[in-house]
Amino acid sequence: MSGFPPELTPAEGERLTEAIKDWALAHGLTVRPPPAVIAAEADPAGILATAVPVTLFPSPFPQVCFNQGVAVQKSYNELYASISQDEEFLARVVKEIGDSDDFITELWKVHLRVKEEGYVQHKSLGLFRSDYMIHQDTPGSAPHIKQVEFNTIASSFGGLSSQTSLLHKYLASTEYPLLEQAIKRGILNLPENDSAAGLAAGIREAFIEYGSSSIGQQKCVIFLVQGGERNVFDQRHLEYELQKSEDPLVPVFRLPFADTLKHTSIAQGPGRQLLYQPPQLPSHTFEVAVIYMRSGYSTGDYPEQSAWEARYHLERSAAIKCPTVLTQVAGMKKVQQVLATPETPSNPSILGRYLTKGPSSVSNLVSTFTNIYPLDETEAGLKARKIAVDPELCKAYVLKPQREGGGNNIYRSSIPPFLKSIPESHWPSYILMELITPPPVKNTILRNGKLEHGGVICELGIYGTCIWDQQTKIISHNEQVGYLLRTKGDQSEEGGVAAGFGCMDSCSLV
């Protein structure tokens with residue numbers, strides 16, 4: 001639709017601002033305010049919330065690209081479930097990174113400790129999100145999606161994403177038809193988005209698959225969270241969806257990762273059931289069926305050795321983990337690089353051994369890959385090193401560590417000086433990714449009560465849920481469950497909404 005999103009008069013901007021602020025607060029499209037908005041000492045009790053940064057209009061997004069992302073999600077779920085079962089492959093990748101990434105090394109040590117005494121829980125739950133950007137080789141050429149990354153831990157914004165879709169549907173029904181450049185009701189193609197309900201359904205299914213308690217305790221789900229979490233409402237939406245279940249009832253508790261050893265214990269005996277005593281009800285003990293991790297993905301979650309002991313404590317327990325250490329390691333950027341490095345006679349693709357649906361599912365996945373290179377001493381790695389240190393060639397690339405969360409990537413001309421600032425022995429822990437070239441899109445972002453209008457870049461995330469057995473290799477649950485659209489100003493190079501760079505958005509399919 002040409003002329004969309006439309007230009008707004010100042011009065012229309014004010015009207016939409018008020019409508020969005022009120023709807024967002026009324027429907028939990030919110031975060032705890034950042035210190036730049038409200039100083040911590042001004043809200044010591046943590047009673048305040050503010051509307052998340054959000055676009056005034058759903059951004060136009062090619063339907064063919066949206067459908068492409070939806071169509072491959074189940075194959076991606078299967079791929080990463082299968083990779084998490086290939087300990088030999090993961091061990092090799094961890095070894096290639098070596099001691100240059102202490103975080104991955106420590107994670108792997110947790111796995112090896114549990115492996116030595118034997119795992120008691122073989123089922124794994126994955127709440128995944130595959131992130132893409134639209135790529136156009138040249139202006140006017142057919143658009144297609146290219147994968148930015150695949151998230152295997154704390155795949156966030158499923159709660160806020162479904163609310164953003166509802167916000168834009170509300171505005172399309174009530175506000176857009178009243179603009180000077182009116183948008184008629186029903187003219188926008190706004191896809192359904194059940195991300196919150198779908199992710200919660202995956203947790204519920206794992207809760208059921210855990211089975212009955214063998215020690216006579218009531219079962220529960222633990223949301224393992226960071227202390228002082230600002231993005232709490234995103235998590236709460238999943239919790240509230242989960243607690244709609246009546247058969248079975250699913251008790252849910254939030255537990256700060258730092259308090260793991262304080263409030264949980266492992267039952268005596270070979271079963272190693274994880275027991276939780278709520279601090280507000282110390283006389284009552286629950287058996288933890290599922291641990292949903294919204295923490296544990298960055299070095300900041302492990303400030304001291306006791307945090308790694310807590311992770312080991314959880315990993316060795318009978319609770320179904322989302323994710324296990326092996327699944328978290330499978331989400332390393334290095335794994336993405338190994339999968340996506342262009343195939344050569346001396347470096348054949350390994351995808352075929354992980355997917356059961358044959359060549360078509362492999363080719364569909366490969367079509368979403370962008371060029372990613374190692375920075376090791378292989379032929380591809382040496383070629384990538386030359387690009388990364390070249391002041392001109394580096395401008396078409398981004399350098400990525402193994403970290404999750406926003407703010408970790410090194411872009412374009414910043415790459416050569418960054419590499420010079422670290423030991424060359426640490427270079428193999430990074431990957432070099434060709435930047436994706438999205439088509440130009442304009443929109444208006446409402447951030448902290450102020451409107452920002454201009455060019456934007458959109459990143460599509462497709463959610464998936466998967467349950468599999470590490471021992472039998474059987475996948476018992478595999479679903480695609482909704483989507484996320486994050487948008488940032490085209491001058492910003494990081495897209496993490498909670499990190500303060502991007503905003504929530506939804507798709508108007510074109």
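Residues numbered from 1 in each chain as written. Predicted model: local features only at pLDDT ≥ 70, side-chain atom pairs only at ≥ 80, totals over all residues. Heavy atoms only, no water.

S.K.: Would you mind showing me how to read the sheet that holds strand E13 (residues 372-374) here?
M.R.: Read across the open sheet, the four strands follow the order E13-E16-E14-E15; overall the sheet is antiparallel. Taken across any chain shown, the strands that pair with only one partner, and hence form the sheet edges, are E13 and strand E15 (410-411). Judged from the two bridges that link them, strand E14 (residues 397-400) and E15 form a sheet pairing that is antiparallel. Note on E15: the bridge partner recorded for Val-398 is Tyr-411. Against the sheet, helix H13 (residues 379-389) makes contact with E13, E14 and strand E16 (431-434), and its axis sits at roughly 105° relative to E13, the strand it touches most. (Pairing = 2+ DSSP bridges. Helix = DSSP H or I, 4+ residues; strand = E, 2+ residues; numbered from the N terminus. Contact = heavy atoms within 4.5 Å. Axes fitted to C-alpha atoms, helices over the stretch in contact; angles between N-to-C directions.)

S.K.: Help me out: how do you make sense of the environment of Pro-139 in this one?
M.R.: Positionally, Pro-139 belongs in the loop between strand E5 (123-135) and strand E6 (144-151). Here Pro-139 falls in the exposed class, since its relative accessible area comes to 83%. As for Pro-139 and Arg-32, which are separated by 107 residues in sequence, their C-alpha atoms are 40 Å apart. (Buried < 20%, exposed > 50% of the residue type's maximum accessible area, 1.4 Å probe, protein only.)

S.K.: Explain the packing of helix H2 (residues 63-85) against helix H11 (residues 333-340) here, please?
M.R.: The description of two packed helices rests on the angle between their axes and on the distance between the axes. For the pair H2 and H11, the least separation of the axes is 13 Å and the interaxial angle reads 110°. It follows that H2 is roughly perpendicular to H11 by the angle criterion. Crossing angle aside, the handedness with which H2 passes H11 is right-handed. Note on element contacts: H11 touches H2 through Val-335, Gln-336 and Leu-339, opposite Leu-79, Tyr-80 and Ile-83. (Parallel < 35°, antiparallel > 145°, perpendicular 65-115°, else oblique. Left-handed = near helix turned anticlockwise from the far one by under 90°.)

S.K.: Just to check I follow, could you spell out the packing of aromatic side chains for this structure?
M.R.: Any pair of aromatic rings gets described here by the distance separating the centres and the angle formed by the planes. Going through the model one piece at a time under the given rule, you end up with 17 aromatic pairs. Relative to Tyr-430, the ring of Phe-418 has its centre 5.5 Å away and its plane inclined at 70°; by these criteria the two rings are edge-to-face. In this pair, Phe-418 is assigned in helix H14 (residues 415-421) and Tyr-430 in the loop between H14 and E16, connecting sequence segments 12 residues apart. With a relative accessible area of 13%, Tyr-430 lands in the buried category. Joined through ring pairs, the aromatic side chains of Tyr-76, Tyr-80, Phe-128, Phe-150 and Trp-468 make up one cluster. One residue, Arg-113, lies across the ring of Tyr-312, its end atom 3.6 Å from the ring centre. Sitting above the plane of the Phe-207 ring, Lys-219 keeps its charged end 4.2 Å from the centroid. (Phe/Tyr/Trp six-rings, centres within 6.5 Å; stacked < 30°, edge-to-face > 60°. Lys NZ or Arg CZ within 6 Å of the ring centre and 35° of its normal.)

S.K.: Please clarify how the pairing of E6 should be interpreted in this entry.
M.R.: Each regular strand carries side chains that alternate between the two faces of the sheet. Here E6 lies mainly inside the structure; seven of its eight residues are buried. As paired strands, E5 and E6 are joined by seven bridges and run antiparallel to one another. Each bridged residue has a counterpart across the sheet, and for Met-133 the counterpart in E6 is Lys-146.

S.K.: Sorry if this is basic, but what is going on with the environment of Asn-347 here?
M.R.: Topologically, Asn-347 is positioned in the loop between H11 and helix H12 (359-366). By relative accessible area, Asn-347 is classed as partly exposed at 33%. Asn-347 sits 220 residues away from Leu-127 along the chain, and the two C-alpha atoms are 31 Å apart. The residues touching Asn-347, leaving out its near neighbours within four places in the chain, are Thr-341 and Pro-342.

S.K.: What is the right way to read the side chain of Ser-508 from this model?
M.R.: When you line up the elements, Ser-508 lands in strand E21 (residues 507-509). The buried category is assigned to Ser-508, whose relative accessible area is 3%.

S.K.: So what exactly am I meant to see when it comes to H13 here?
M.R.: The periodicity of an α-helix, 3.6 residues per turn, causes residues three or four positions apart to be oriented the same way. All of the buried residues along H13 are Gly-381, Ala-384, Arg-385, Ile-387 and Ala-388. Buried residues of H13 fall within an arc of 165° about the axis and therefore sit on the same side. Of the residues in H13, the exposed ones pointing more than 90 degrees away from the buried face are Glu-379 and Lys-386. For H13, the secondary structure elements touched by its buried residues are E13, E14, H14 and E16. (Arc of directions from axis to C-beta.)

S.K.: Just checking my understanding: could you explain the packing of helix H5 (residues 158-174) against helix H6 (residues 195-209) for this structure?
M.R.: Taken N-terminus to C-terminus, the directions of H5 and H6 make an angle of 150°; their axes are 7 Å apart at the nearest point. By the criterion of interaxial angle, the relationship of H5 to H6 is roughly antiparallel. Two secondary-structure elements touch here, H5 through Gly-158, Gly-159, Ser-161 and Ser-162 and H6 through Ser-195, Ala-196 and Leu-199. For the contact of H5 with H6, a count of residues per class yields two nonpolar, five polar and no charged. (Nonpolar A, V, L, I, M, F, W, Y, C, P; charged D, E, K, R; others polar.)

S.K.: Sorry if this is basic, but what is going on with the side chain of Arg-272 here?
M.R.: Inspection of the secondary structure puts Arg-272 in the loop between strand E9 (264-266) and strand E10 (274-276). Arg-272 has contacts with Glu-117, Gly-118, Val-120, Ile-266, Ala-267, Arg-316, Ser-317 and Ala-318, leaving out every residue within four places of it along the chain.

S.K.: Honestly, unusual backbone geometry in this entry has me stumped. Any pointers?
M.R.: Trans peptide bonds make up most of the peptide bonds, and negative phi angles are found at most residues other than glycine. For the bond from Phe-4 to Pro-5, the omega torsion is -5°, close enough to zero to count as cis. Locating Pro-5 in the fold gives a position in the segment before helix H1 (10-26). The omega torsion across Cys-322 and Pro-323 is 5°, close enough to zero to call that bond cis. Positive phi, normally seen in glycine, also occurs at Ala-154, with a value near 50°. Note on placement: Ala-154 falls in the loop between E6 and H5. Owing to a relative accessible area of 17%, Ala-154 belongs among the buried residues under this scheme. Positive phi, close to 75°, is recorded for Phe-157, a residue that is not glycine. Tracing the sequence through the fold places Phe-157 in the loop between E6 and H5. Since its relative accessible area comes to 4%, Phe-157 is described here as buried.

S.K.: Where do I start with the pattern of salt bridges in this structure?
M.R.: Side chains carrying opposite charge are able to pair once their charged atoms draw close together. Summed over the entire model, instances satisfying the criterion amount to 22 salt bridges. In this structure, the salt-bridge partner of Arg-272 is Glu-117, at a minimum N-O distance of 4.0 Å. A residue pair is termed long-range when its members are at least 10 positions apart, and Arg-272 in the loop between E9 and E10 and Glu-117 in helix H4 (residues 102-117) qualify at 155 residues. On the basis of relative accessible area, Glu-117 is assigned to the partly exposed category, the value being 33%. Across the pair Arg-236 and Glu-239 runs a salt bridge, and its minimum N-O distance is 2.9 Å. Taken together, the residues Arg-236 and Glu-239, both in helix H7 (residues 232-242) and three residues apart, mark about one turn of the helix. (Salt bridge = Lys/Arg side-chain N within 4 Å of Asp/Glu carboxyl O.)

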